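# Examining the three-dimensional arrangement
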Amino acid sequence: MEGLRPGQTALLQFAPPLGAASAPVEADAGGASAPPSRQAAIPCRLESVHGPLSTFAPEAGLDLSLRLRLELGAQCFLLYDDGAGRVAVRGVALGSEATELIEFIPVDGVGAADRRSVPRVPIIAGVSLSRIPPGGRERPLDTVTANLSAGGALLVRPRDLEPAPRWQLRLRLPDAEAPIVCEAALTRVTASHLGVHFSTIAETDQVRIVRLLASRLRAPHGT
């Protein structure tokens, strides 16, 4: 994430938990809207960056409900100033029982043009790939990922596969859990590979991908 340096302050802004109703925005005595609650946003400082994995230290203690939410993994926005203006990066935040440090991996930037700028990690995982034509789904083809990010993947292109704008993926991660089933949009095509962006994916599945990425990115650094 360009413009974000160790020691710099940032804000992790969370959406309400899945299935929870949004809290009403209260007005103060002067009629102005009250700021979001402390539970919805965490002021923090950047500690370190390892590729797409950034580690932040909260500027204040976290209460139990927020710590538990971070241990499960949560989608959020990272807000910071890059010197030219305010930047918002969508991603997934992870916490742990052992420390209050928060790990963040981006899904994409503010707009579609930023998606391919998110670094991907070389991970081989099995994929069943089905083109989604207007009239239904075709027989799936098996392939593997060449690399993976929280928001998409580079796939080895099966022989004789004709490109299409929309796909259904069954992604088999090495965590031995059930396959991730999602829809993806084609972003680029070469003779040997297909680039896809996850267009419809469950939050729990995106967190699984981020946990895998974080474990691989921590390994060379002994953390």
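Data block above holds the structure.
Residues numbered from 1 in each chain as written. Predicted model: local features only at pLDDT ≥ 70, side-chain atom pairs only at ≥ 80, totals over all residues. Heavy atoms only, no water.

Right, let's get into the sheet that holds strand β7 (residues 126-131). Strand order in the closed barrel formed by six strands is β7-β8-β9-β12-β11-β10, and the pairing between neighbours is antiparallel. Taking each pair of neighbouring strands and ignoring which way they run, the sheet shows an average axis angle of 45 degrees. As judged from the four bridges shared by β7 and strand β8 (residues 141-148), these two strands associate in the antiparallel manner. For Gly 126, the partnering residue across the bridge sits in β8 and is Val 144. Most of the contacts of helix α2 (residues 203-218) go to strand β11 (residues 180-189), to which it runs at about 70 degrees, and overall it touches β8, β10 (166-172), β11 and β12 (193-200). (Pairing = 2+ DSSP bridges. Helix = DSSP H or I, 4+ residues; strand = E, 2+ residues; numbered from the N terminus. Axes fitted to C-alpha atoms, helices over the stretch in contact; angles between N-to-C directions. Contact = heavy atoms within 4.5 Å.)

A cluster of nonpolar side chains, contributed by Ile 124, Val 144 and Val 156, occupies part of the molecular surface with about 250 Å² of accessible area. Assignment of secondary structure puts Ile 124 in the loop between β6 (102-108) and β7. Under the relative-accessibility criterion, Ile 124 is labelled exposed at 67%. (Patch = residues over 30% accessible without salt bridge, like charges linked within 9 Å, V, L, I, M, F, W, Y side chains within 5 Å. Areas by Shrake-Rupley, 256 points an atom, 1.4 Å probe, with all protein chains shown as cover. Salt bridge = Lys/Arg side-chain N within 4 Å of Asp/Glu carboxyl O. Buried < 20%, exposed > 50% of the residue type's maximum accessible area, 1.4 Å probe, protein only.)

A separate point is α2. The terminal C-alpha atoms of α2 lie 22 Å apart, and with 16 residues this matches the ideal 22 Å at 1.5 Å per residue to within 8%. Buried within α2 are the following residues: Glu 203, Asp 205, Gln 206, Val 207, Arg 208, Ile 209, Val 210, Leu 212, Leu 213, Ala 214 and Leu 217. (Expected span 1.5 Å × (residues − 1).)

This part is about helix α1 (residues 64-72). Listed in full, the buried residues belonging to α1 are Leu 66, Arg 69 and Leu 70. Along the long axis of α1, the arc covered by the buried residues comes to 95 degrees, so they all point the same way. Opposite its buried face, α1 presents the exposed residues Leu 64 and Leu 72, each directed more than 90 degrees away. In this structure, the buried side of α1 is in contact with β1 (9-14), β2 (41-50), β4 (74-81), β5 (86-94), β6 and α2. Looking one or two places after α1, you find Gly 73, whose phi comes out positive at around 95 degrees. (Arc of directions from axis to C-beta.)

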